[in-house]
Amino acid sequence: MLASILKAGGLRTAAVGNIGVSVLDAVLGDEEYDVLAVELSSYQLHWAPSLRAHSAAVLNLAPDHLDWHGSMEAYAADKGRIYEGNQVACVYNVADKATEDLVREADVEEGCRAIGFTLGSPAPSQLGVVDGILVDRAFVEDRQKNAQELAEVADVNPPAPHNIANALAAAALARAFGVPAKAVRDGLRAFTPDAHRIAHVADVDGVAYIDDSKATNTHAAEASLAAYESIVWIAGGLAKGATFDELVAKSAKHLRGVVLIGADRALIREALARHAPEVPVVDLDRTDTGAMLAAVQEAQRLAAAGDTVLLAPACASMDMFANYTRRGDAFAQAVRELGA
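Residues numbered from 1 in each chain as written. Predicted model: local features only at pLDDT ≥ 70, side-chain atom pairs only at ≥ 80, totals over all residues. Heavy atoms only, no water.

A closer look at the overall build of the chain
Okay, step 1: Regarding its fold elements, the chain presents 13 helices and 14 strands.
Okay, step 2: Against the globule reference of 20 Å for 340 residues, the chain gives a C-alpha radius of gyration of 20 Å, in line with a compact fold.
Okay, step 3: Projected onto its principal axes, the C-alpha positions of the chain cover 55 × 45 × 40 Å.
Okay, step 4: Evaluated residue by residue, the chain yields a buried proportion of 50% over its 340 residues.
Okay, step 5: When contacts within the chain are restricted to residue pairs at least 6 apart in sequence, long-range pairs at least 24 apart make up 61% of them. (Helix = DSSP H or I, 4+ residues; strand = E, 2+ residues; numbered from the N terminus. Rg over C-alpha atoms; globule rule 2.2 N^0.38 Å. Buried < 20%, exposed > 50% of the residue type's maximum accessible area, 1.4 Å probe, protein only. Contact = heavy atoms within 4.5 Å.)

Here you go:
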């Protein structure tokens, strides 16, 4: 999203880092850039103590990769490195106070500002949503009184709540770099999400099948589950040290049924027993790649017209698949076989 907005603002840019193209490849290549949109993982940040970004954002802070970092405190400290030495803006999530705390703790350049994003009406120095409009009260003159319209919620694809938050964060980073408001709208309209991010695969017998294989942790899965009313949830894989009680408790009201796959599925099953005992659960005792077809078939059996079958595993994929892309591809293929 950020790269698309920067491009719409007339800047030479690319999306690099943890999403496929390394920063070094971009910097050492033949193409010249005005600015790079860089995604960095907590692992990369751990080994990057000298990072000094123009502006940076932490979208959320929730337990993930604790098996590697050793503790939530160590994980948070590594994510917080992205703010160190920021020059213009530290962008944080108003709904996630832990991200604001990381900003407060960061050693930034003098004059660097804290900029919040919220799905509600924005306060000064924030971006937010008012009557279906994305608005900026951070990068405007007299932000105490004024706001700048950036885009409509309908310009965000898909317009799920967590994706609107993504758009606001991207807009904040782009505005910090000086792009005009029109570029935010044009960039969001031009943006096409990568595969396996709440991607609609097909409708079969009145049931929507959604591939969010990229939801590899509980926070991402929670956002995905909140986007639909009545869900048959396909979940499981490698938990990476995560627990699932909070996720299940928050999402129980949306669940019509659950199909579990993968090595650590018992952790989710136990959380369901504690917090959603009335929800039917199918526990597939399999970790082979063919288990996905069986999972989709079981989900079809549990679903009724108007429901959504949602692959949002809340876990990593490597117990069964090479990566989340292969897992999502297997889900899409299984859905196509249902409709054949």
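Details of the environment of Val207
Okay, step 1: Along the polypeptide, Val207 turns up in strand β10 (residues 207-211).
Okay, step 2: A residue is classified by how much of its surface remains accessible, and Val207, at 4% relative accessible area, is buried.
Okay, step 3: In this structure, the C-alpha to C-alpha distance between Val207 and Val309, residues 102 residues apart in sequence, is 7.0 Å.
Okay, step 4: Discounting residues that sit within four places of it in the chain, Val207 has contacts with Ala202, Ala303, Ala304, Ala305, Asp307 and Val309.

Things to note about the nonpolar core
In a soluble, globular protein the nonpolar side chains are often hidden away together inside.
Okay, step 1: Counting residues in hydrophobic clusters, the biggest one holds 37 residues, and the most contacted among them are Val91, Ile115, Leu127, Leu134 and Leu188.
Okay, step 2: Those elements that place two or more of their residues in this core are α1 (2-8), β4 (89-93), β5 (113-117), β6 (126-130), β8 (148-152), α7 (161-176) and α8 (181-190).
Okay, step 3: Here Ile115 is in contact with Ala89, Cys90, Val91, Tyr92, Ser125, Leu127, Ala138, Phe139 and Ala172, once residues within four sequence places are set aside.
Okay, step 4: Counting 28 residues, the second-largest nonpolar core is a separate cluster that includes Val258, Leu260, Ala276 and Ala312. (Core = buried A, V, L, I, M, F, W, Y, C linked by side-chain atoms within 4.5 Å.)

Some remarks on unusual backbone geometry
Trans peptide bonds make up most of the peptide bonds, and negative phi angles are found at most residues other than glycine.
Okay, step 1: Of note, the bond from Asn157 into Pro158 is cis; its omega dihedral lies within 30 degrees of zero at -10 degrees.
Okay, step 2: Even without being a glycine, Ser125 presents a positive backbone phi close to 70 degrees.
Okay, step 3: By the secondary structure assignment, Ser125 is in the loop between β5 and β6.
Okay, step 4: With phi around 35 degrees, Ile198 is a residue other than glycine that occupies positive phi space.
Okay, step 5: In this fold, Ile198 is placed in the loop between α8 and β9 (199-204).
Okay, step 6: The buried category is assigned to Ile198, whose relative accessible area is 10%.

What about α8?
Okay, step 1: Turning to α8, its buried residues number three or more, namely Ala181, Ala183, Val184, Gly187 and Leu188. Buried residues of α8, seen end-on, are gathered within an arc of 155 degrees and therefore sit on one face of the element. Away from its buried face by more than 90 degrees, α8 exposes Lys182, Arg189 and Ala190.
Okay, step 2: Check the buried side of α8 and you find it contacts α1, β7 (133-136), β8 and α7. (Arc of directions from axis to C-beta.)

Points about the sheet that holds β6
Okay, step 1: Here six strands make up an open sheet; going across it, the order is β3-β4-β5-β6-β7-β8 and the pairing mixed. Two strands bound the open sheet, and with one partner strand each, they are β3 (55-57) and β8. Strand-to-strand twist of the sheet, defined as the mean angle between neighbouring strand axes without regard to direction, takes the value 25 degrees.
Okay, step 2: Two strands pair when backbone bridges link them, and β4 and β5 are joined in this way by five bridges, in the parallel orientation. (Pairing = 2+ DSSP bridges. Axes fitted to C-alpha atoms, helices over the stretch in contact; angles between N-to-C directions.)

Overview of the pairing of strand β11 (residues 231-235)
Okay, step 1: Among the five residues that make up β11, five are buried, leaving the element largely enclosed by the rest of the structure.
Okay, step 2: Of the two faces of β11, the one carrying Ile231, Trp233 and Ala235 and the one carrying Val232 and Ile234 are both buried.
Okay, step 3: Both β11 and strand β12 (residues 255-260) contribute to a ladder of five bridges, which runs parallel. Its bridge partner being in β12, Ile234 is matched across the sheet by Val259.
Okay, step 4: In this region the chain leaves β11, passes through helix α10 (residues 245-251) and returns to the parallel neighbour β12; the handedness of that crossover is right-handed. (Right-handed = clockwise from strand over helix to strand, strands pointing away.)

A closer look at the environment of Glu32
Okay, step 1: Structurally, Glu32 can be placed in the loop between α2 (23-28) and β2 (37-39).
Okay, step 2: Given a relative accessible area of 55%, Glu32 falls into the exposed group.
Okay, step 3: For Glu32 and Arg12, which are 20 residues apart along the polypeptide, the C-alpha to C-alpha distance reads 7.3 Å.

Some thoughts on helix α9 (residues 218-225)
Okay, step 1: Along α9, the residues classified as buried are Thr218, Ala221, Ala223, Ser224 and Leu225.
Okay, step 2: Check the buried side of α9 and you find it contacts α7, β11, α10, β12 and β14 (308-311).

Some thoughts on the sheet that holds strand β13 (residues 281-283)
Okay, step 1: Read across the open sheet, the six strands follow the order β9-β10-β14-β11-β12-β13; overall the sheet is mixed. Strand pairing shows two members of the sheet lacking a second neighbour, β9 and β13, which therefore form its edges. Going from strand to strand, the sheet's axes swing by 15 degrees on average, the running direction of each strand aside.
Okay, step 2: Docked against the sheet, helix α13 (residues 324-338) engages β9, β10, β11 and β14, running at close to 160 degrees with respect to β10.

Observations regarding the packing of aromatic side chains
Okay, step 1: Enumeration over the complete set of coordinates arrives at zero aromatic pairs.
Okay, step 2: Lys214 extends its terminal NZ or CZ atom over the ring of Tyr324, reaching a point 5.5 Å from the ring centre. (Phe/Tyr/Trp six-rings, centres within 6.5 Å; stacked < 30°, edge-to-face > 60°. Lys NZ or Arg CZ within 6 Å of the ring centre and 35° of its normal.)

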